[in-house]
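Next come the chains, spelled out residue by residue.
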Amino acid sequence: MRLTVAVLMDPLTGIRAHKDSTAAMLDEAARRGHRLLYASPEQLRILPGRASALWTELRVLPGQQPWYEELAQESRDLADIDVLMLRRDPPVDSDFLADSLWASLGNGRKPLIVNDPSALRDCNEKLFALHFPHCCPPTLVAREATALKTFVAEHGACVLKPLDGMAGRSIFRSQPDDPNLNVILETLTAGGRHFALVQKFIPEIAQGDKRILLIEGEPVPYSLARIPQGGDFRGNLARGGRGVAQPLSERDRWICAQVAPELRRRGLMFVGLDVIGDFLTEINVTSPTGIRDIDAQSGTNIAGLLFDAIERRLA
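Residues numbered from 1 in each chain as written. Predicted model: local features only at pLDDT ≥ 70, side-chain atom pairs only at ≥ 80, totals over all residues. Heavy atoms only, no water.

A. Broad picture of the pairing of strand β14 (residues 222-227). Of all six residues that make up β14, five are buried, and the element is covered over most of its length. As judged from the three bridges shared by strand β12 (residues 209-215) and β14, these two strands associate in the antiparallel manner. Looking across to β14, one finds that K210 is bridged to A225. With six bridges connecting them, β14 and strand β15 (residues 242-247) associate as antiparallel partners. What sits directly across from A225, in β15, is V244. (Buried < 20%, exposed > 50% of the residue type's maximum accessible area, 1.4 Å probe, protein only. Helix = DSSP H or I, 4+ residues; strand = E, 2+ residues; numbered from the N terminus. Pairing = 2+ DSSP bridges.)

B. The arrangement of the environment of A206 in detail. Following the sequence through the fold, A206 ends up in the loop between β11 (196-200) and β12. Classification of A206 by relative accessible area gives partly exposed; the value is 47%. Linking A206 and A103, residues 103 residues apart in sequence, is a C-alpha distance of 40 Å. If near-sequence neighbours (up to four positions away) are discounted, A206 is found in contact with I227 and P228. (Contact = heavy atoms within 4.5 Å.)

C. Just the packing of aromatic side chains, in detail. For the structure shown, the criterion picks out three aromatic pairs. Ring geometry for W55 and W102: centres 6.3 Å apart, planes at 50°, overall tilted. Remark: W102 occurs in helix α2 (residues 94-104) and W55 occurs in strand β4 (residues 50-60); sequence separation between them is 47 residues. A relative accessible area of 2% means that W102 is categorised as buried. Look at W67 and Y68: their rings are 5.0 Å apart centre to centre, the planes differ by 70°, and that puts the pair in the edge-to-face class. In this structure, W67 and Y68 share a single accessibility class: buried. (Phe/Tyr/Trp six-rings, centres within 6.5 Å; stacked < 30°, edge-to-face > 60°.)

D. Broad picture of the sheet that holds strand β9 (residues 158-162). Pairing within the open sheet is antiparallel, and its four strands lie in the order β8-β11-β9-β10. Of all the strands in the sheet, the pair left with one neighbour each is β8 (139-142) and β10 (172-174). Neighbouring strand axes in the sheet, compared pairwise and without regard to direction, differ in orientation by 25° on average. Relative to β11, β9 is paired through five bridges, and the arrangement is antiparallel. Its bridge partner being in β11, C158 is matched across the sheet by K200. Here helix α4 (residues 145-155) sits on the sheet and contacts β8, β9 and β11; the angle it forms with β11, its principal contact strand, is near 10°. (Axes fitted to C-alpha atoms, helices over the stretch in contact; angles between N-to-C directions.)

E. Fine view of the side chain of D27. Among the secondary structure elements, D27 is positioned in helix α1 (residues 21-31). When its relative accessible area of 17% is taken as the criterion, D27 is described as buried. Among the polar contacts made by the side chain of D27, one reaches the side chain of R292 at a distance of 2.9 Å. With residues up to four places along the chain from it excluded, the contact list for D27 reads V60, P62 and R292. (Polar contact = N/O pair within 3.5 Å; in protein donor to acceptor, adjacent residues only side chain to side chain.)

Structure representation (structure tokens):
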């Protein structure tokens, strides 16, 4: 079947196609003969009972530079689209939430939305992992500096971060005798106005922060271990980490099995778990990445698995 596949994403001009997971999805959709439409947030429109956008038809040019060609533009309602892929990067701010409400107006039989917009609103990537406490390291989320400092005093070395960050931004490692701990807490909580998350430091980060991708709750058999380099404790590729694809461990598969039923229930079709050592630390639902690196090192075709699942849903 030939589908009309629409993607809401950040501007194409900022995409490095050879690394980007959304570009991998577009490549696969084009290979299957699907029609591709693209819009960025400023092109969304809402009328009473209707959501639409000014879409640009795309032709992808794998391996070339530029990697895409823009064709005609057209205004089209969500109801006239088969698949809508929501691939905006965090932060999940008021504009992101407004975009998800726009997508929720497509609440009829069409389109199939990856991922469900109500789940994007409800499943904060830091907090959602805490729905599975048996999988998580010791963690506290609070605004009050005293409570956060007490947690650090109890657990020793800890990692502290905001609830809306991505790509390793504003993540701190601290400990009870750190003279900068007060400043870190003031910065993260904005003087007690914002939640901050503090988590016991997991030494196994030296072996990598594993990104595990799941499609319809089924894990891809290889994770991407993002291994810190130099003096940085963060493994994020955007912070200089080295990505190494490796088979899932028994513990990895157990964590996936704990999380999968809830992912399916919420309509979260494509998800990335972050696992350090034996612990689940985040559940990425907005625009999970890692496809290109895992495929290149393991011979998988993750976008192909995703479109297999999409086509089964629509068959």
